[in-house]
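Chain by chain, the residues run as shown.
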Amino acid sequence: MPPSLSRQTRDAVVQDLIAGELGRNAIARKHHVSAGYVTKIAREEGHWFDNDWQTHTGTEAHRIDCAAARLDREEQLMQDLLAHPQTSRQRDGKETRAHKRLSYKLYDNNRHHS
């Protein structure tokens, strides 16, 4: 486990966070600590970096794009499933392989996203 920061170093990091002139990595280099320490101190002190909103916005936009792509894929799979002419074999009543594949793809499409 790494040694804890001295009170003076921690206070200096907090002062740089309050000033807001430097980014996280620049503060870490200036005080010879890891970027993780700076982030931890920032969270404990309730400070945020200027570009946090950009990361959050980009992540949220990506999440929405993936959800829309899943909906499009689900719609296409549902159309394929409904258009399939035969869902069971006449000789024994079991599902056809093609129907099984389509129904599993439909299930798998949203399996981890509910």
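Anyway, here's the lowdown on the structure attached to this text. (Residues numbered from 1 in each chain as written. Predicted model: local features only at pLDDT ≥ 70, side-chain atom pairs only at ≥ 80, totals over all residues. Heavy atoms only, no water.)

Details of helix 5 (residues 97-109)
Each α-helix turn comprises 3.6 residues. Residues three or four places apart therefore point the same way. The first and last C-alpha atoms of helix 5 sit 18 Å apart over 13 residues, in line with the 18 Å expected at 1.5 Å per residue. Taken residue by residue, helix 5 has His99, Leu102, Leu106 and Asn109 as its buried positions. Around the axis of helix 5, the buried residues are gathered within 95° of arc, so they sit on the same side. Summarising the geometry of helix 5, the exposed residues directed more than 90 degrees from the buried face are Arg97 and Arg101. (Helix = DSSP H or I, 4+ residues; strand = E, 2+ residues; numbered from the N terminus. Expected span 1.5 Å × (residues − 1). Buried < 20%, exposed > 50% of the residue type's maximum accessible area, 1.4 Å probe, protein only. Arc of directions from axis to C-beta.)

Structural notes on helix 2 (residues 24-31)
Within helix 2, burial applies to Ile27, Ala28 and His31. Viewed end-on, helix 2 has its buried residues packed into an arc of 100°, placing them on one side of the element. Against helix 1 (7-19) and helix 3 (35-45) lie the buried residues of helix 2. A positive backbone phi angle near 55° is found at His32, which sits one or two residues after helix 2. (Contact = heavy atoms within 4.5 Å.)

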